[in-house]
Amino acid sequence: MGNAPSESNMGDRLRCYQCSRVLPPCTSFDDYHKSTVHGQHVYVFNGGEYYRAVGHDNMYQCVYCFNKPIRDQEERRREEERTRELETKRDVLKSTLNEFEVDDDSGGDSDELLEILSVKCKIQNLSLSQLTADDLGRIFTLQHTQVFITELCVLSLETSEGLSLQSISKHVQYLVDSISQSACNMSESFLLSQALYLTLMHFFNEYSDCDVVLMAKRWAEEELPSENVVIIEFLSTLISSLQKTVERASVFILKMEIQSLKHLLSTLTNINVKETHSKSTEMILRLVQTNQWTPMEAMTLLSALSQKYAEDSSISKVLMLIQVYELPPDWTDESGRSLINVLDSADPDRFEEDFEKTLRRKDESSLSAALAELKMLWSLDDSVTDMIKNITTGVLHCSENALKDGPFIKDSFKGVTSDADDVQNSLSQLCKAVYDTKGWLPTERMMLRWCALVLTEKSAALDPVGVESDTCVTAMFAATQVLMGNKVDIVLSSDGHPEETAKEWSNFYEYLGMSVDTNMKESKASCRNIYEVDIVYGTIDDFLSDYFQQGMELMEKGNPQQSRKFIFEGQSLRFSTNLELSRLKDHDSGVFAAKILQSLMGKFHSEDKELTYRFIKTIFQVLHSNLIKDTTSDSKIISVSQKVTGEEVPPAEVFILTFLENLLKEVSSQWTNENDQCLLKLVDTYRTEDLIKHLEKSLRDEELKSIDTLFDELRQMKDIDEPTLSKSYKVVTHVRNLINTGDIKNHTDVQRARSLCHSRETEHLQEILAVLCNAVHHTTVSPHKEGEGWWPRDTQIISWCLLALSNTGRLLEMGTGEGKSCVIAMFAALRVLQGEKVDVVSSSSVLCQRDAEKWNNFYKYFGMTADTNTNKTEEADQKECYQKDVVYGTIEAFAADHLRQIFEMKEVRPERKYECIIIDEVDSLLLDQGVQLTYLSSPMASMQHLNNILAMIWVHVRQYGFLSAGHQTFVRSPPASFFKAIFDSIDTEGTEIEDPMDILQIAEETHTVEKGFTEAIYQTEKKELLQKLLKTVSQDAMFDFFQEIENYVPYGFTVYTLDNQGSLCLRKRSPYNNQDIPELSFLVLDEGLCCTLYDSEEDLIKPIAEIILQKVQYTPCTNNAEKVNIPGFLKNLIEKKVCVWVQNALLAIQLREGREYVIQNDNVCPVDFRSTGIVELNKKWGDGLQQFVEIKHRIQLSTMSVVTNYVSNISFFEMYHGKIYGTTGTLGSTADILFLQELYPNLSACKMPTFNRKKLFELRGTLTTSAEEWKSEIKRVVMDQISPNSYREGRAALVICETINKAEEIHEVLQSSIPGETILYCRSDGDSLSQIGTELLPGHVIVATNLAGRGTDIKVSKTVNNNGGLFVVLSFLSENTRVELQAFGRTARKGKPGSAQIIMSTEHLQQSFRTPSTLEEAKDTRDRLAAEKTNHLMKDIEELRLREELFEDYCGTLQEIHANTDGDEKRAVVAIMNEFWGIWLQMKSEEIDQFQTKALKESLKADLSLAKSQCQNKLHHAAFITTSSLEMLP
């Protein structure tokens, strides 16, 4: 043996035979002995560092591997003990949960708790969105559901020995009660009950520590107490459950979610005495309170940060950057990595610095976009915008170190002037102050907003100095005001946090030597002292209470009111219609004032945001004015009060009445009658009866706005520069004077106008406009004076001037009924006089044909020609049309004719250049259809072979269906026996299940089916006998089996049945809430049958495609009767596109006749139901969708065409080189306009004032929860509006429906009840147009689709107008606000009265809208989705541009072929090349989606060259050429 063990010199050979770890040498026999350990005879080395069994040479084991069997055995023992304990606990819970047992025949909603309560309370089809007060009363007799479920949650929790369940229960019940108190209504309280139920299910099935518990254990200085672990686990799970329930019912974060988060963060903060993480938890809470981050997202972020950093200061710095830069949860860096991914891979020591640099780079790179947005939002003119840009750029170009390390010079900005250098210096110093006190520099957007506030703030002391939502900008701007000698009140929303905000910025103000406080103090003395400080933070409730209280007190003493400026925090104006004013109510004299204010604010609907903003500002301005001084003058209201009562009015009431009188002056001063009398003046001069008659007459016969008024409104909008406005004013006033004096009749010289048309001189424009106005007068017919024409209104000639004076393109928003077609005709005539050809584009063929016919005589007056391109089918007619001076048409017709010219090489518009385009309804064409492609149909004989493929796909796909379960839609598979359906859906690898009969055997063992059932099935060959056996299996038996089978396979099963309406009813939910255990859903039918339910059709596309491909073989091949033969050259195309075809087959199942399409003359015609309602007769869907719908309706199958040519609306408009002009009634939101200006940089946009005051009254919208209630409400409202009542006669109504089907439904409902005529307008044919062209009388109703919602002038009789005008019902939530406004624009046109109302049903909403509780919430979701859609358009545009680049390259090849070949050879080569190009494009769709521009262009060039060469060399082998060319493609 030697002097040392052999293990002393084995080196790396001495290893553990199980884990291969190198073991330390044993150098002495003293460290080596024989022993019995764990029942084994072993050698022990180095005191137990490793072991070797006696008799097993070289089989060494490290201590870990040696003890592992014992550890595993102990773990198994503990697990068994734990399982036994759990089973005991489960038995207790199950017995308790018997109270929640569901009856077999119950129906229910998609939520299990709803189903349980539905059964127990005997409320059929209980739905959260349809709960009545009676239902709620019955539900909450269930022994206080929340308390009961919470108690079960506590029982389900894993608790350590010695921990009092009673103590835990009290604590948890307290938390739940606190959260419940924060619920705003019963529906929210019920959401909490649902969340508690999900929490119970989680604890019942899962036990591992969550991330938040692990984080808490890291934060604890000592071992985390078991009670804290339980509370943290409960709250974090409840927050997760709340998010799941709330996100199905609301797009907003609810107060109870925030309350739950507060409790969780408080528990985390207090896990040690030092509260070491208090700052980071405060900041996490603030992230959620801004409604950007959900509580779960915020906690995930905090957990990730705590893994990276132990110190709270480091976590807080990162959170501060996230807050300052307003990072959303889905933020990504330049590499596309999420915030969590960036954190995971970052170096902790450098992350903060690198992260800040990344944020600043991204921030500074978006300066232009941020500036454009600011310009639009604030209506800034170019000079102010340029100054803001220069100032901000100047500060940004200062080195960061200079801002951070340079000295602070307070005296350098005592006052801020309009001088750019002065403003830049002040901004630099303020940024320095922010950095010195907060540790970060203001962002670029903060700097821009501060500049905008400073440069646009008016000097008047009583004006509000701004509305700002960013606390940093607010603080910087408030500091600027104080340095200029003002005192400032900062107004927060009613649920704002003044003390927190003031505390947050107190060090900043102190740094600048300013005092700050809040108005939260209670005593009168302290309240007066507060308003001596420089800056006061407070809620809108408290400020209004203080202003009123001080005003009433000062009224008694006769002292003047303090003068302070005020800044509104952004949310303070949005949620201010429900004022509490509790402080004001504490004083007897203030109760009346509080009632007055609450009554005033209660008149404003939450939809009227702009009006609410203006009104609240007006209230603050009036309260800041010297009302005490105003009472010394002759106050009408006070005088009347004293005369009526015979008593002096108390000082407090004098103040209130003076306030009301001044407020009335402010809000009513805008309206005056023909004698320039405002409403107050009329009240003073008329008796009541006479006043009503006078107002009625004045409002009905109200005169047009004056030119001065119109230009004042234009200047306030700040869309047009002053030189243009000044010149336009001179032109318009001159021409209007000519019209008024009659001298305009002397201005008829067309030739003189032609000679002056290129001039911009004022007198020349005056002459041209006079001639144009004369032409309108001579060629139109006035509706008021028989035999005479009408003169263009001031708004129309102003609009003409703005278009004429535009150096680039310009878009005008002109209200509906303002006469856009006249402006277009006059401007088109000017451009023709200038020698250009003009294309006028409209949104429908109906509108363009109407306008071309209407203005034909006007053009003839100038010797001009006009035509329409939508009704031309022959090449000769098309060519003749484009030789006219003005061509009206749709974008589809213009784009198609362009393609005929460049692709088909037809002589359609050979000499017509793209010189000037005028777009009517510009929002529809540039936004709604901005990425639309127009293409000419290219039928190819080879595509007929694909019909067999499409038929095979349809045969397979039609077996599937779509079923709804509340707010989720499933795809249903074909019915199958329950055991086969389960087998086909699971992965049996690792189980003992090899075929469906094994599933059936388990069913027999668990007594789901009778004994011997499996054997009987085995012996059955006839289908009828199998069906007979399956009929013995009940639904109840299958429900039980789905629960039993979960013990055999690693899956959770969720099971549904069908209710009487064909919707899914939940009968069993998967017991698992674990991503590691898959969940499968099934629909249980009768007779032993089931259907698999798929979450999405995406789950089916690839499997179905693979089945189809297996049934196809490509020629040349041996014949196989079981397969379909397809030409070999189509192989690559089919393999590339088959998934797309399957997807479209599934889509065809969902499309509905009368909604997305109609059948006309055995043709499937798509319908643009979301926007215009037009039946698109010349449009066909691509990629097989058209053919699948044809198969669905058993219509003759058309051949699938291949797209070989196309042009997008965007590219077509760009051909006019910026000379794009347009009008619309609804230009869209700020985001829409920014999007257009990004696409067309030379475009400017402005909103035109209306020629008369708009007299549209919008009734508060109605949100119904069922289709029947929706129809009933529409009928009730329409009948109420068109029927006579005590104060007016009957009216006419227009009901606009989303689809043709719904229009027909409403028409049928109304037809039997309407006293007058009921007209259905769903199609734009001649008969329908003639019906709506007639004048509507009282009692008449039109039911229409969106066809009537845009560009349609609904005529009503004088009687109808005298009774309130046309009443419009919009019966659905439109896709965007523009469509809604267009619909409302059918009434209250041309200064006439009208009213409108939205009546919609939640049943008709898209799934993405969830279930809104209010119409405002639905609109907010709609607007958010519309904005997201606009943002996503840019990616679509990139793809369009790539496709058009490729098409342009192909057109170059095509032109060479046309130039170098003739006759039959040219036609043959072109046909072959087009087919090659079309299939090449289809096959490259994936590369196009991935924007592989360079590779695509190189591939196209090479492939075209080869294909062209082969075509020309082997023309007689055309099929071979196409085949061989295509087969070379990858």
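Refer to the preceding data block for the structure.
Quick caveat, the model's predicted, so the values are computed rather than measured. (Residues numbered from 1 in each chain as written. Predicted model: local features only at pLDDT ≥ 70, side-chain atom pairs only at ≥ 80, totals over all residues. Heavy atoms only, no water.)

Focus: the overall build of the protein chain
When its secondary structure is counted, the protein chain shows 64 helices and 36 strands. Sequence-distant contacts, at least 24 apart, represent 70% of the contacts inside the protein chain between residues at least 6 apart. (Helix = DSSP H or I, 4+ residues; strand = E, 2+ residues; numbered from the N terminus. Contact = heavy atoms within 4.5 Å.)

Structural notes on the pairing of strand β19 (residues 1052-1058)
Across the seven residues that make up β19, a large majority, six, are buried. Sheet analysis places β19 next to strand β21 (residues 1079-1084), joined by five bridges and oriented parallel. In the strand pairing of β21, Phe1053 is matched with Leu1080. Summarising the sheet, β19 and strand β20 (residues 1064-1068) pair through four bridges and their orientation is antiparallel. From the neighbouring strand, Tyr1056 faces β20, where its bridge partner is Leu1066. (Buried < 20%, exposed > 50% of the residue type's maximum accessible area, 1.4 Å probe, protein only. Pairing = 2+ DSSP bridges.)

Concerning the pairing of strand β32 (residues 1293-1296)
Both faces of β32 are covered, namely the face carrying Ala1293 and Val1295 and the face carrying Leu1294 and Ile1296. The pairing of β32 with strand β34 (residues 1341-1344) spans four bridges and is parallel. Residue pairing for β34: Ile1296 is matched across the bridge by Ala1344. Direction of pairing for β32 relative to strand β35 (residues 1366-1370): parallel, over a ladder of four bridges. Bridging across to β35, Ile1296 finds its partner in Leu1370.

Details of the sheet that holds strand β3 (residues 50-53)
Ordered in space as β1-β2-β3-β4, the four strands form an open sheet in which the pairing is antiparallel. In the strand order of this sheet, the two ends are held by β1 (32-37) and β4 (60-62), each with one partner. Averaged over all pairs of adjacent strands, the angle between their axes in this sheet comes to 35°, without regard to strand direction. With six bridges joining them, β1 and strand β2 (residues 40-45) adopt antiparallel strand pairing. Counterpart to Ser35 in the pairing with β2 is Val42. (Axes fitted to C-alpha atoms, helices over the stretch in contact; angles between N-to-C directions.)

What about unusual backbone geometry?
The omega torsion of the bond from Thr1115 to Pro1116 falls at -5°, within 30 degrees of zero and hence cis. Along the chain, Pro1116 falls in the loop between β23 (1112-1115) and β24 (1124-1127). For His1217, which is not a glycine, the phi torsion comes out positive at approximately 55°. Assignment of secondary structure puts His1217 in the loop between α53 (1209-1214) and β28 (1220-1224).

What about the packing of helix α44 (residues 946-957) against helix α52 (residues 1185-1192)?
Axis separation between α44 and α52 bottoms out at 10 Å; the angle between their running directions is 60°. By the angle between their axes, α44 is oblique relative to α52. The handedness of the crossing between α44 and α52 comes out as right-handed. Across the interface between the two elements, Leu950, Ala951, Ile953 and Trp954 of α44 pack against Gln1187, Phe1188, Ile1191 and Lys1192 of α52. Looking at the contact of α44 with α52 residue by residue, the class counts come to six nonpolar, one polar and one charged. (Parallel < 35°, antiparallel > 145°, perpendicular 65-115°, else oblique. Left-handed = near helix turned anticlockwise from the far one by under 90°. Nonpolar A, V, L, I, M, F, W, Y, C, P; charged D, E, K, R; others polar.)

Digging into the side chain of Glu444
Its place among the elements puts Glu444 in helix α19 (residues 444-456). At 4.8 Å, Arg445 is the nearest oppositely charged side chain to Glu444, a buried residue that forms no salt bridge. Discounting residues that sit within four places of it in the chain, Glu444 has contacts with Asp363, Glu364, Ser366, Leu367, Ala370, Thr392 and Leu396. (Lys, Arg positive; Asp, Glu negative; His and termini not counted. Salt bridge = Lys/Arg side-chain N within 4 Å of Asp/Glu carboxyl O.)

What to know about the packing of aromatic side chains
Scanning all chains against the criterion turns up 43 aromatic pairs. Judged by centre distance (5.6 Å) and plane angle (90°), the ring pair of Trp505 and Phe508 falls under edge-to-face. Of this pair, Trp505 and Phe508 are both found in helix α21 (residues 498-511), three residues apart, which corresponds to roughly one turn of the helix. For the pair Trp505 and Phe508, one class covers both residues: buried. Three or more aromatic residues joined by ring pairs form one cluster here, namely Trp790, Trp855, Phe858, Tyr859, Tyr861, Phe862 and Tyr888. (Phe/Tyr/Trp six-rings, centres within 6.5 Å; stacked < 30°, edge-to-face > 60°.)

Considering the sheet that holds strand β29 (residues 1244-1247)
Reading across from one edge, β12-β13-β11-β14-β28-β10-β29 is the order of the seven strands in this open sheet, with parallel pairing throughout. Looking at which strands have only one partner, the edges of the open sheet turn out to be β12 (866-868) and β29. Ignoring which end each strand starts from, the neighbouring axes of this sheet average 15° apart. Here four bridges tie strand β14 (residues 916-920) to β28, and the two strands are oriented parallel to one another. The partner of Asp920 across the bridge, within β28, is Thr1223. Contacts from helix α39 (residues 845-854) reach β11 (838-842), β12, β13 (886-890) and β14 within the one sheet, and its direction differs from that of β13 by about 160°.

As for the packing of helix α18 (residues 420-438) against α21
Remark: α18 packs on α21, axes separated minimally by 9 Å, with the N-to-C direction vectors making an angle of 125°. By the criterion of interaxial angle, the relationship of α18 to α21 is oblique. The handedness of the crossing between α18 and α21 is right-handed. In this structure, α18 uses Leu430, Lys432, Ala433, Val434, Asp436, Thr437 and Lys438 to contact α21, whose residues at the interface are Glu504, Trp505, Asn507, Phe508 and Tyr511. For the contact of α18 with α21, the class distribution of residues is six nonpolar, two polar and four charged.

Quick look at the environment of Gly513
With respect to the element layout, Gly513 can be found in the loop between α21 and β7 (516-518). Classification of Gly513 as exposed rests on a relative accessible area of 54%. Residues Gly513 and Asp534, 21 residues apart in the sequence, show an inter-C-alpha distance of 9.9 Å.

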